[in-house]
Amino acid sequence: MVRTYQQSGVDLDKAQALIQAIAPLASQTYNESVLQGVGGFFGACALPSGYKEPVLISCTDGIGTKLKLAKEAHQLYNLGLDLVAMNVNDLICAFAKPLFFLDYFATSKLEPAQTLALIEGMAFGCKESGCALIGGESAQMPGVYKAGEFDLAGFCVGLAEKSDLAKKDKIKAGDILVGFKSSGLHSNGFSLVREILKSKPKNAPSLATLLTPTRLYTPLLALKDKIHSLAHITGGGLKGNLLRILPAHLSAQIELKALPRMPVFNWLLEHIDFSECLRVFNMGVGMVALAPLESLGALMRAGGFYLGALHTGGQSGAQEITFVE
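Residues numbered from 1 in each chain as written. Predicted model: local features only at pLDDT ≥ 70, side-chain atom pairs only at ≥ 80, totals over all residues. Heavy atoms only, no water.

The chain goes by Phosphoribosylformylglycinamidine cyclo-ligase in an unreviewed UniProt entry, where it is assigned to Helicobacter ailurogastricus. What UniProt states about the chain under its Subcellular location (unreviewed entry) heading is, verbatim, "Cytoplasm". One UniProt comment on the chain, placed under Catalytic activity (unreviewed entry), says "2-formamido-N(1)-(5-O-phospho-beta-D-ribosyl)acetamidine + ATP = 5-amino-1-(5-phospho-beta-D-ribosyl)imidazole + ADP + phosphate + H(+)". (UniProt positions renumbered as here; feature names shortened; annotations may be inferred.)

Have a look at this one:
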């Protein structure tokens, strides 16, 4: 007869020990704004001074089925970094400075070493992006998740100037698209990648290459005065994500020759049509800035490259994105 919570599959002692192990990792990310971090019922962070009209920006994201490959390759540390990067990169599209981050980790049964590896990666990502890891939740849910399975979600809050949210209104024909290189696949399209791997192709990249962590683009915040808008290139590719920030009366023309030639994408093109790759993957471009032409030099010095330009609407006079050789 089941008489204890532990016998039903939930180990409260492990959960408490995990909190105690996480606390010192999280504390490495704290700054003067953190009022309460990991260990209580909530995290608390004071708003930094120096903003004229501060606006709170929030986002949430996960890492999809990339975690299946990472678990097989025992590279969970990088998953924690991925989780932070996917959220922070969305956040900075509002020119917001990341303030704090929280995670949600759900599994069938807590494995402390597994969980700590993930948290260590999150802590590193938070330190790199200047935000504090101030809380989270580790949920044991036997019966919901199969033995050994888990999922992750992240939540990030940042602070922006209200005037920066209106910068998108300055986008006009003649502005340029400046790309910033990705580190690889980032955290999108792995359901398709895994399907390809099932056929055991002889020329497949190493798991280490496929699992290269998502690049953090927080240095672009220092260049916000040079940029009208930013698009984080995730699922949906260049077209799908640029449509999210492009004004309805403008069209964008992207030069295919400008796309970085990265081996992992060359490999994908051996198995998938180019049009499908453009729809699913970042194709070497992790972030795109829409900016006035005069900003090109500054953005190139920061690692950007010319990707294309904006024009008045397409044949119908409406929003359109085209790719040219």
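## A few points about the domain arrangement of the chain
If you check the domain split of the chain, you get domain 1 (5–166) and domain 2 (171–323). Once you take the C-alpha centre of each, domain 1 and domain 2 turn out to be 26 Å apart. Contacts between domain 1 and domain 2 engage 26 residues on the former and 29 residues on the latter. Buried area between domain 1 and domain 2, both sides added, is near 2300 Å², and the carbon and sulfur share of it is 70%. At the boundary of domain 1 and domain 2, one finds 1 salt bridge. The residue Lys 224 makes a salt bridge to Asp 164 at a minimum N-O spacing of 2.6 Å. Broken down by element, the residue count for the side of domain 1 that touches domain 2 peaks at 8 residues, all from helix α3 (residues 76–91). A per-class count over the side of domain 1 that touches domain 2 returns 13 nonpolar, 6 polar and 7 charged. (Domains from an automatic or database assignment. Contact = heavy atoms within 4.5 Å. Buried area = accessible area lost by both parts, 1.4 Å probe. Salt bridge = Lys/Arg side-chain N within 4 Å of Asp/Glu carboxyl O. Helix = DSSP H or I, 4+ residues; strand = E, 2+ residues; numbered from the N terminus. Nonpolar A, V, L, I, M, F, W, Y, C, P; charged D, E, K, R; others polar.)

## A closer look at the pairing of strand β7 (residues 176–181)
The buried fraction of β7 amounts to 5 of the 6 residues, a majority that puts the element mostly inside the structure. Bridging between β7 and strand β10 (residues 285–291) involves 6 bridges; their strand directions are antiparallel. Following the sheet pairing, Phe 180 is matched in β10 by Met 287. Where β7 lies against strand β11 (residues 304–312), 5 bridges are found, and the strand directions are antiparallel. By the bridge assignment for β11, Phe 180 is matched with Gly 304. (Buried < 20%, exposed > 50% of the residue type's maximum accessible area, 1.4 Å probe, protein only. Pairing = 2+ DSSP bridges.)

## Remarks on the sheet that holds β11
Taken in spatial order, the 6 strands of this open sheet run β8-β10-β7-β11-β9-β12, and their pairing is mixed. Whereas interior strands pair on both sides, the edge strands pair on one side only; in this sheet they are β8 (229–232) and β12 (320–324). Pairwise comparison of adjacent strand axes, ignoring direction, gives a mean angle of 25 degrees for this sheet. Sheet analysis places strand β9 (residues 250–255) next to β11, joined by 5 bridges and oriented antiparallel. What sits directly across from Ala 252, in β11, is Leu 310. (Axes fitted to C-alpha atoms, helices over the stretch in contact; angles between N-to-C directions.)

## Section: the sheet that holds strand β6 (residues 150–161)
Judged by pairing direction, the sheet is mixed, and its 4 strands sit side by side in the order β3-β6-β4-β5 without closing on themselves. In the strand order of this sheet, the two ends are held by β3 (54–61) and β5 (132–140), each with one partner. Strand after strand, the sheet turns through a mean of 15 degrees between neighbouring axes, direction not considered. Two elements, β3 and β6, share 8 bridges in a ladder whose sense is antiparallel. Along β6, the bridge assignment pairs Ile 57 with Gly 158. Docked against the sheet, α3 engages β3, β4 (97–107) and β6, running at close to 35 degrees with respect to β6.

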